[in-house]
Amino acid sequence: MKNTIKLFTLLIFISILSCDNANKQTEKDIEMYSSVWDDIMNKGELDKINNTYFDENITLITYPENVVGIEDFKAYYSNFITGFSDGNFTVIDVFGQGDKLVKHWKYTGKHTGDFFGIPATGKTIDVEGTTLVKMKDGKIAQEQDFMDNMLFMQQLGILSDPNNVAIVQKLYDDFATGDIDAVLASMDPNIVWYEAEGNSLADGNPYIGPEAVLTGVFARTGEEWDDFKLANIELHEMSENQVLATLRYNATVKATGKKVDAQAAHHWKLNNGKIVGFQQHVDTKQLADTAK
């Protein structure tokens, strides 16, 4: 009986010791993993992707095919180093069990170089994601990233934000109800606004910022025209976060009493949910004729 108790006690001790060693190895893996990726992404030390920290057959699980081996893995991540300036990679949280780690991260940067064949757009990206990691003998053996790729491409300006049309539609709705504060709130603080060449309001081109648009365009329109309305508005989604609106201007010129029914088009540019650019196209001959 005593021998049985001793054996049972020994087994418990071995189990606890084994668990403690496993936990220490996981902590060691996490410390190494976090430090290495900080050096790679924030300091640009691509040479840290080597057989000291990575398994020779390091595998990145990705579509349409996996990236396998240290050299291909290094080439893949070189796109982030050369493609973005002012990059900041932050590990928000990382934890693990056994040979498996989970990393929650955030990455910001400005797209100023070639990125997987995509020329620099000058756009700023701000994305978060999660990476599942497998370790092997204290080295990184496998990674699989999960992030909102559509948001990433939208921030680069390659895919348009699906909310762009709704944002422009709301601007027209707010304008129709006279809610100018809401109209201005939809604009980026540095919006660049152009009236059509030949339009008298083009004398202030370009109008920079919502206040300039308010005083240089909206206020003067109200001073010169009665019953100004935008009619027959149709919105057309375009690539690279642009929206085209086709419409008509209906109004009466105060100085002459003549009616305006002019064909027009508005070219909107958006970024991160705000309107950053506007170009007006309109029948300027009709505007000039009705002003005489």
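Residues numbered from 1 in each chain as written. Predicted model: local features only at pLDDT ≥ 70, side-chain atom pairs only at ≥ 80, totals over all residues. Heavy atoms only, no water.

Things to note about the overall build of the protein chain
Secondary structure assignment for the protein chain yields seven helices and twelve strands. For 292 residues, the compact-globule formula gives about 19 Å, and the C-alpha radius of gyration of the protein chain, at 30 Å, lies well above that figure. Projected onto the principal axes, the alpha-carbon positions of the protein chain cover approximately 110 × 45 × 30 Å. Of all 292 residues assigned to the protein chain, the portion counted as buried reaches 37%. Intrachain contacts of the protein chain at a sequence separation of at least 6 include 52% that bridge at least 24 residues. Of note, the protein chain has its 26 positive side-chain charges centred 3 Å away from the centre of its 43 negative side-chain charges. (Helix = DSSP H or I, 4+ residues; strand = E, 2+ residues; numbered from the N terminus. Rg over C-alpha atoms; globule rule 2.2 N^0.38 Å. Buried < 20%, exposed > 50% of the residue type's maximum accessible area, 1.4 Å probe, protein only. Contact = heavy atoms within 4.5 Å. Lys, Arg positive; Asp, Glu negative; His and termini not counted. Charge placed at Lys NZ, Arg CZ, Asp CG, Glu CD.)

Let's talk about the sheet that holds strand 11 (residues 259–271)
Either a parallel or an antiparallel arrangement is found when strands of a sheet pair, and the pairing is made through backbone hydrogen bonds. Strand order in the open sheet formed by six strands is 8-7-12-11-10-9, with mixed pairing between adjacent strands. A strand with exactly one partner marks an edge of an open sheet, and here the two such strands are strand 8 (207–208) and strand 9 (225–238). Note that strand 11 and strand 12 (residues 274–282) share eight bridges and pair antiparallel. Counterpart to Ala264 in the pairing with strand 12 is Val282. Sitting on the sheet, helix 4 (residues 164–176) is in contact with strand 9, strand 10 (242–253), strand 11 and strand 12, with an inclination near 170 degrees to strand 9. In the packing of helix 6 (residues 210–224) onto the sheet, the strands contacted are strand 7 (187–194), strand 8, strand 9 and strand 10, and the crossing angle to strand 7 comes to about 50 degrees. (Pairing = 2+ DSSP bridges. Axes fitted to C-alpha atoms, helices over the stretch in contact; angles between N-to-C directions.)

Here we look at the sheet that holds strand 2 (residues 67–68)
Taken in spatial order, the six strands of this open sheet run 2-1-6-5-4-3, and their pairing is mixed. A strand with exactly one partner marks an edge of an open sheet, and here the two such strands are strand 2 and strand 3 (84–97). Sitting on the sheet, helix 2 (residues 70–83) is in contact with strand 1 (54–61), strand 2, strand 3, strand 4 (100–111) and strand 6 (139–147), with an inclination near 60 degrees to strand 1. Against the sheet, helix 3 (residues 149–156) makes contact with strand 3, strand 4, strand 5 (124–136) and strand 6, and its axis sits at roughly 145 degrees relative to strand 5, the strand it touches most.

A look at the confidence of the model for the protein chain
Residues at a pLDDT of 70 or more form 92% of the protein chain, whose mean pLDDT is 91. Here residues 10–19 is a poorly scored stretch, pLDDT under 50, and it has zero contacts once near neighbours within four places are set aside; other chains count. (pLDDT = per-residue confidence, 0-100.)

Focus on the packing of aromatic side chains
Considering all chains together, one arrives at 28 aromatic pairs under this definition. Ring geometry for Trp37 against Phe73: centres 6.2 Å apart, planes inclined by 65 degrees, an arrangement best described as edge-to-face. Remark: Phe73 occurs in helix 2 and Trp37 occurs in helix 1 (residues 2–43); sequence separation between them is 36 residues. Assigned by exposure class, Trp37 and Phe73 land together as buried. Here the aromatic rings of Phe84 and Phe115 are separated by 5.1 Å at their centres, their planes lie at 70 degrees, and the arrangement is edge-to-face. Note that Phe84 is positioned in strand 3 and Phe115 in the loop between strand 4 and strand 5, a separation of 31 residues in sequence. For the pair Phe84 and Phe115, a shared accessibility class is recorded, and that class is buried. One Lys or Arg, Lys103, reaches over the ring of Trp37 and ends 5.0 Å from the middle of that ring. (Phe/Tyr/Trp six-rings, centres within 6.5 Å; stacked < 30°, edge-to-face > 60°. Lys NZ or Arg CZ within 6 Å of the ring centre and 35° of its normal.)

Re the environment of Val127
As for its position among the elements, Val127 is in strand 5. Each C-alpha atom, one on Val127 and one on Glu27, is 27 Å from the other, the two residues being 100 residues apart in sequence. Each residue touching Val127, except ones within four places of it in the same chain, is listed here: Trp105, Lys106, Tyr107, Met147, Phe152 and Gln155.

Description of unusual backbone geometry
Cis geometry is adopted by the peptide bond preceding Pro64, which originates at Tyr63 and carries an omega value of 5 degrees. Structurally, Pro64 is set in the loop between strand 1 and strand 2. Cis geometry is found at the peptide bond from Asn205 to Pro206, where omega equals -15 degrees. By secondary structure assignment, the location of Pro206 is in the loop between strand 7 and strand 8. For Asn232, which is not glycine, the phi dihedral falls at a positive 50 degrees. On the secondary structure map, Asn232 appears in strand 9.

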